[in-house]
Amino acid sequence: MHELSLSSAVVNTVVKHAKGRRVEVVSLRIGRLRQVVPDTLDFYFDFVARDTVCDGARLEYEIIEARLRCKPCAQEWGIEIPAFRCPTCGGSDVEVASGDEFEVESIEVEEAECIAPR
Ligand SMILES: [Zn+2]
């Protein structure tokens, strides 16, 4: 049901910014760590979007690779490296630098206008 609540969040955001105009494309930026399954999100989006300006809109996905950052030395690296340790200083006081995004990047409405909600 993860994708259902995400779909609701997307529709709410887009409806707010579309101001009554029909939406054709919603571009999303989703971090790898969110473990979103696009097909499942599409399915719930179609359902949640019914009878809103998003009805019939298409979702486009940009998947953001997961990266970690070592807090003391600011080194960043991709999460494919199989350890949550900084490859530069060996420290383990690290934070997620990217990969947990879930953002509406832009929406396209019927006048072929592009709106960035941020
Ligand atoms: Zn470090």
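What comes next concerns the included structure. Quick caveat, the model's predicted, so the values are computed rather than measured. (Residues numbered from 1 in each chain as written. Predicted model: local features only at pLDDT ≥ 70, side-chain atom pairs only at ≥ 80, totals over all residues. Heavy atoms only, no water.)

1. Looking at the overall build of the chain
- For the chain, the count of helices and strands is two helices and seven strands.
- Ordered by position from N to C terminus, the α and β elements of the chain give α-β-α-β-β-β-β-β-β.
- Taking 13 Å as the expected radius of gyration for a compact globule of 118 residues, we find that the chain reaches 17 Å, considerably beyond that expectation.
- Counting only C-alpha atoms, the chain reaches 55 × 30 × 15 Å along its principal axes.
- Going through the 118 residues of the chain one by one, you find that 36% of them count as buried.
- Contacts in the chain between residues at least 24 apart in sequence constitute 66% of all its contacts with a sequence separation of at least 6.
- Carbon together with sulfur atoms contributes 50% to the accessible area of the chain, which is approximately 6900 Å² in total.
- Computed over 14 positive and 22 negative side-chain charges, the inter-centroid distance for the chain is 5 Å. (Helix = DSSP H or I, 4+ residues; strand = E, 2+ residues; numbered from the N terminus. Rg over C-alpha atoms; globule rule 2.2 N^0.38 Å. Buried < 20%, exposed > 50% of the residue type's maximum accessible area, 1.4 Å probe, protein only. Contact = heavy atoms within 4.5 Å. Areas by Shrake-Rupley, 256 points an atom, 1.4 Å probe, with all protein chains shown as cover. Lys, Arg positive; Asp, Glu negative; His and termini not counted. Charge placed at Lys NZ, Arg CZ, Asp CG, Glu CD.)

2. Topic: the coordination of the zinc ion
- Ligation of the zinc ion by protein atoms is provided by Cys-70 (SG), Cys-73 (SG), Cys-86 (SG) and Cys-89 (SG), these donors lying 2.3 to 2.6 Å from the ion.
- Taken together, the four donor atoms coordinating the zinc ion and their angles of 101 to 130° define a geometry best described as tetrahedral.
- One chain supplies every donor for the zinc ion, spaced along it as C-x2-C-x12-C-x2-C. In this pair, Cys-70 is assigned in strand 3 (residues 67–70) and Cys-89 in the loop between strand 4 (76–78) and strand 5 (94–98), connecting sequence segments 19 residues apart. (Donors = N, O, S within 2.8 Å, 3.2 Å for Na, K, Ca; no water. Tetrahedral: all angles 85-135°; square planar, octahedral: opposite > 155°, others 65-115°.)

3. Looking at the sheet that holds strand 4
- Strands sit in the order 4-3-5 across an open sheet of three strands; the sheet is antiparallel. In this open sheet, the two strands that pair with only one neighbour each are strand 4 and strand 5. Taken pair by pair, the neighbouring strands of this sheet meet at an average axis angle of 35°, ignoring direction. (Pairing = 2+ DSSP bridges. Axes fitted to C-alpha atoms, helices over the stretch in contact; angles between N-to-C directions.)

4. Quick word on the nonpolar core
- Within the largest apolar cluster, 21 residues are counted, with the highest numbers of intra-cluster contacts made by Val-23, Val-26 and Phe-45.
- Mapped by element, the contributors of at least two residues to this core are helix 1 (2–18), strand 1 (23–31), helix 2 (38–49) and strand 6 (102–109).
- Per-element tally for this core: the top contributor is helix 1, with five residues.
- Ignoring sequence-local partners within four residues, the contact set of Val-26 consists of Val-10, Val-14, Phe-45, Arg-58, Leu-59, Glu-60, Val-104, Ser-106 and Ile-107.
- Listed in part, the five residues of the second largest apolar core include Leu-68, Cys-70, Trp-77 and Cys-86. (Core = buried A, V, L, I, M, F, W, Y, C linked by side-chain atoms within 4.5 Å.)

Nothing here speaks to function; it is all geometry.
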